[in-house]
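Close look at the chain arrangement
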Amino acid sequence: MIKVKQALEIKELRKIEYSVMFSAKEMANLNKLADASKINKSVYLRALIENRLPANIPSININVLSSLGKAFSNLNQISRNLNEKNHETLRDIENILIALRTQLLEGLQND
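Cut-offs used in this document
- Residues numbered from 1 in each chain as written.
- Predicted model: local features only at pLDDT ≥ 70, side-chain atom pairs only at ≥ 80, totals over all residues.
- Heavy atoms only, no water.
- Polar contact = N/O pair within 3.5 Å; in protein donor to acceptor, adjacent residues only side chain to side chain.
- Helix = DSSP H or I, 4+ residues; strand = E, 2+ residues; numbered from the N terminus.
- Buried < 20%, exposed > 50% of the residue type's maximum accessible area, 1.4 Å probe, protein only.
- Salt bridge = Lys/Arg side-chain N within 4 Å of Asp/Glu carboxyl O.
- Patch = residues over 30% accessible without salt bridge, like charges linked within 9 Å, V, L, I, M, F, W, Y side chains within 5 Å.
- Areas by Shrake-Rupley, 256 points an atom, 1.4 Å probe, with all protein chains shown as cover.
- Expected span 1.5 Å × (residues − 1).
- Arc of directions from axis to C-beta.
- Contact = heavy atoms within 4.5 Å.
- Axes fitted to C-alpha atoms, helices over the stretch in contact; angles between N-to-C directions.
- Parallel < 35°, antiparallel > 145°, perpendicular 65-115°, else oblique.

A few words on helix H3 (residues 41–49). Sitting at the head of H3, Asn40 places a side-chain oxygen 3.1 Å from the backbone nitrogen of Ser42. Directly beyond the C-terminal end of H3, a positive phi value near 55° is found at Asn51.

Mapping Lys38 onto the fold places it in the loop between helix H2 (24–37) and H3. By relative accessible area, Lys38 is classed as exposed at 73%. Through-space distance from the C-alpha of Lys38 to that of Pro54 is 9.4 Å; in sequence the pair is 16 residues apart.

Let's shift gears to the pattern of salt bridges. Applying the stated criterion to the full structure yields one salt bridge. With a closest N to O distance of 2.5 Å, Glu50 and Arg52 form a salt bridge.

Taken together, the side chains of Leu68, Phe72, Leu75, Leu97 and Leu104 present a nonpolar region at the surface, about 410 Å² in accessible area. Counting residues per element, the ones that place at least two in the nonpolar patch are helix H4 (62–83) and helix H5 (90–109). For the nonpolar patch, the element with the most residues is H4, which contributes three residues. Within the secondary structure, Phe72 sits in helix H4. A relative accessible area of 54% means that Phe72 is categorised as exposed.

This brings us to H2. The terminal C-alpha atoms of H2, which comprises 14 residues, lie 20 Å apart, in line with the 20 Å expected from a rise of 1.5 Å per residue. If you check which residues of H2 are buried, you get Leu30, Ala34 and Ser37. Buried residues of H2, viewed axially, fall in a sector of 60°; they line one side. Residues Ala24, Lys25, Lys32, Asp35 and Ala36 are exposed on H2 and point more than 90 degrees away from its buried face. Looking at the buried residues of H2, the elements they touch are H3. Just beyond H2, the residue with positive phi is Lys38, at close to 60°.

A few words on the packing of H2 against H3. Their axes nearest at 9 Å, the elements H2 and H3 cross at an angle of 90°. With respect to their mutual orientation, H2 and H3 come out roughly perpendicular. When H2 is examined against H3, the residues Met27, Leu30, Asn31, Leu33, Ala34 and Ser37 are found in contact with a partner set consisting of Lys41, Tyr44 and Leu45.

What follows is about unusual backbone geometry. Although it is not a glycine, Lys38 sits at a positive phi angle of roughly 60°. Within the chain, Asn51 stands out as a residue other than glycine whose phi angle is a positive 55°. Here Asn51 is to be found in the loop between H3 and H4. The exposure class of Asn51 is exposed, given its relative accessible area of 72%.

In short, geometric facts, not functional conclusions.
So, in structure tokens, the structure goes:
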């Protein structure tokens with residue numbers, strides 16, 4: 001019930017209408033920003049005025065996600081081998097971890 005009351009109070013406060021003209025480029029930018037925020041243009045402009053825009057969350061980099069998946073799979077295999085007492089020599093484990101580290105660093109550099 002409180003939300004409904006607050007919504008009514010907000011509607012009552014918005015009695016002033018203001019018109020603004022945009023160039024095609026400005027309107028395209030507004031559309032792009034509002035769409036990226038997943039809110040409509042009116043809400044976006046109000047949030048902008050009130051300095052409460054939602055944070056931009058970057059899209060997932062598929063290459064980095066794929067590299068991380070492979071790396072975690074390798075790490076899981078190492079962990080499983082150690083837990084099952086199928087110990088490889090420490091040198092072999094070190095080589096696997098170095099390869100894993102290299103794979104992770106390459107994934108970050110390709111970003």
